[in-house]
Amino acid sequence: MAQAAQAETEVTGLATIAKDWSSDVTTFKGVPWGKAMMWIFLLSDTFIFSIFLTAYMTVRTTTAEAWPNASEVFSLTMFGVPVPLLLIAIMTFDLITSSGTMALAVNYGYRRDKRRAVRFMYLTAFFGAVFVGMQAFEWTKLISEGVRPFENPWGAPQFGSCFFMITGFHGLHVSAGVAYLIIIARRISKGRYDNTNFEIVEITGLYWHFVDLVWVFIFAFFYLW
Amino acid sequence: MSSEVGQQHPLTLYFWIWGLLFVVSAGSYATDYMDAGLLRWALILIFMFVKAGYIVAIFMHLKYERLALIYALLLPPGVIVLLVGLMYMESDYTWLTRIVFFGAEVSPERLPLPGTHH
């Protein structure tokens, strides 16, 4: 044990990567297995969303027809004035708010303050549900305006398929996240994780922050382009 | 570096990052009022990466993890840049094919295709 601790101090910086990976024991030292697994899952999810966004870029740069102007398509008329991307901006701020409450839940979890951790997890789930609600409103509005996966009134027909695919897959992640948060929060209150350091809150948080992270890229590439 | 008892950080850190994310998002939204161009694209990408960076580094605690995990997570997505580059290079060929072989009518807004004008 003392020998291991001594060896630990010998390597620093990049050399620790080689040392951790070649140590013939747990590679990700100090990381609970559940957290490592969640990270690996999120890495694979990163590739899924990247492929969607890359496919969208490929489609968008190859259409002969003009791409519908997202700024106009997603504008809402407030008091007679069209405000571009209003709902999308509110959805963005709602998701950041939920990320903040999640970060607080993780922090209270590690402080073993179960009551606050659970409360903030429910609050996060609430903001997530609000996001899904706003997305349902957005879909309803676009569908009523004639947007379909194969046509739309404003330009390149591929707009609809890209929109429904990308925001739909993201919305599915948010919905799953809301269910995940509620399930884990209930389990915490029932005392299932009392013998742990409550890293489960951080693991759930990783998934939730990832959902916010994906939205950052969707917002930039789908709505602002 | 991570400790055995998980990630312990002062609450003020999260409040700071939370506030910063709001500011960066507001900046990101503000780019929608700008005219299209290189400056707007640069700002969109800068705000995007700054925001993503804060979420991953602080909220997801990646900054505080060991390098073995950081590199395992950040290096693989790097190949996506290659995919994006290849797909972008391929797109003007597909675009021409649509016009030459399928007789697609070209909207004036789509000329010249980005990347083809020199």
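Reading the values: rules and limits
- Residues numbered from 1 in each chain as written.
- Chains lettered and ligands numbered in written order.
- Predicted model: local features only at pLDDT ≥ 70, side-chain atom pairs only at ≥ 80, totals over all residues.
- Helix = DSSP H or I, 4+ residues; strand = E, 2+ residues; numbered from the N terminus.
- Buried ≥ 20, exposed ≤ 12 C-beta atoms within 10 Å, placed from the backbone.
- Axes fitted to C-alpha atoms, helices over the stretch in contact; angles between N-to-C directions.
- Parallel < 35°, antiparallel > 145°, perpendicular 65-115°, else oblique.
- Left-handed = near helix turned anticlockwise from the far one by under 90°.
- Contact = placed C-beta atoms within 7 Å.
- Nonpolar A, V, L, I, M, F, W, Y, C, P; charged D, E, K, R; others polar.
- pLDDT = per-residue confidence, 0-100.
- Expected span 1.5 Å × (residues − 1).
- Core = buried A, V, L, I, M, F, W, Y, C linked by C-beta atoms within 7 Å.

With respect to unusual backbone geometry
Of all residues except glycine, most have a negative phi; of all peptide bonds, most are trans.
Inference 1: The backbone of A:Arg112 shows a phi angle near 65°, a positive value even though the residue is not glycine.
Inference 2: Here A:Arg112 is to be found in the loop between helix H5 (86–110) and helix H6 (114–144).
Inference 3: Residue classification places A:Arg112 among the exposed residues on the basis of 11 C-beta atoms within 10 Å.
Inference 4: For B:His61, which is not glycine, the phi torsion reads 60° and is therefore positive.
Inference 5: Here B:His61 shows up in the loop between helix H2 (38–59) and helix H3 (67–74).
Inference 6: Exposure remark for B:His61: the 20 C-beta atoms within 10 Å place this residue in the buried category.

Comments concerning the packing of helix H7 (residues 158–189) of chain A against helix H8 (residues 199–224) of chain A
Residue and element names in this part refer to chain A.
Inference 1: The interhelical angle for the contact between H7 and H8, taken along N-to-C directions, is 160°, at an axis separation of 10 Å. One element, H7, and the other, H8, form an angle in the roughly antiparallel class. Judged by the sense of rotation from one axis to the other, the crossing of H7 with H8 is left-handed. Seen from H7, the contacting residues are Ile166, Thr167, His170, His173, Val174, Gly177, Tyr180, Leu181 and Ile184; seen from H8, they are Ile200, Thr204, Tyr207, Trp208, Val211, Val214, Trp215, Ile218 and Phe222.
Inference 2: Within the contact of H7 with H8, the residues separate by chemical class into 13 nonpolar, 5 polar and no charged.

Topic: the confidence of the model for chain B
Residue and element names in this part refer to chain B.
Inference 1: Confidence in the prediction for chain B averages 86 pLDDT; 90% of positions are at 70 or higher.
Inference 2: Least confident of the elements in chain B is helix H4 (residues 79–102), whose mean pLDDT is 87; most confident is H2, at 96.
Inference 3: Both confidence scores are given for the complex: pTM 0.90, ipTM 0.89.

Things to note about the packing of helix H1 (residues 11–30) of chain B against H2(B)
When two helices pack together, their arrangement is given by the angle between their axes and by how far apart the axes lie.
Residues and elements named next belong to chain B.
Inference 1: Orientation of H1 relative to H2, taken along the N-to-C sense of each, is 160°, at an axis distance of 9 Å. The orientation of H1 relative to H2 falls into the category roughly antiparallel. Of the two elements, H1 crosses H2, and the hand of that crossing is left-handed. Contacts between H1 and H2 involve Leu13, Ile17, Leu20, Leu21, Val24, Ser25, Gly27 and Ser28 from the first element and Ile44, Phe47, Met48, Val50, Lys51, Tyr54, Ile58 and Phe59 from the second.

Considering helix H3 (residues 33–60) of chain A
Inference 1: Between its first and last C-alpha, H3(A) extends 41 Å over 28 residues, near the 40 Å set by a 1.5 Å rise per residue.
Inference 2: Along H3(A), the residues classified as buried are A:Lys35, A:Trp39, A:Leu53 and A:Tyr56.
Inference 3: Buried residues along H3(A) sit in contact with H7 and H8 of chain A together with H3 of chain B.

With respect to the interface of chain B and chain A
Inference 1: Contact residues are listed per partner, giving 52 residues for chain B and 47 residues for chain A.
Inference 2: Every element with two or more residues in the side of chain B that touches chain A is listed here: H1, H2, H3 and H4 of chain B.
Inference 3: Across the side of chain B that touches chain A, the residue classes break down as 31 nonpolar, 12 polar and 9 charged.

Some words on the nonpolar core
Inference 1: Ranked by internal contacts, the top residues of the largest apolar core, which has 70 residues, are A:Ala105, A:Ala117, A:Met121 and A:Phe219.
Inference 2: Put simply, the parts of the chain that give this core at least two residues each are H3, H5, H6, H7 and H8 of chain A together with H1, H2 and H3 of chain B.
Inference 3: Top element by residues in this core is H8(A). It accounts for 19 residues.
Inference 4: Other than its neighbours up to four places away in sequence, A:Phe219 contacts A:Ile88, A:Thr92, A:Leu224 and B:Ser28.

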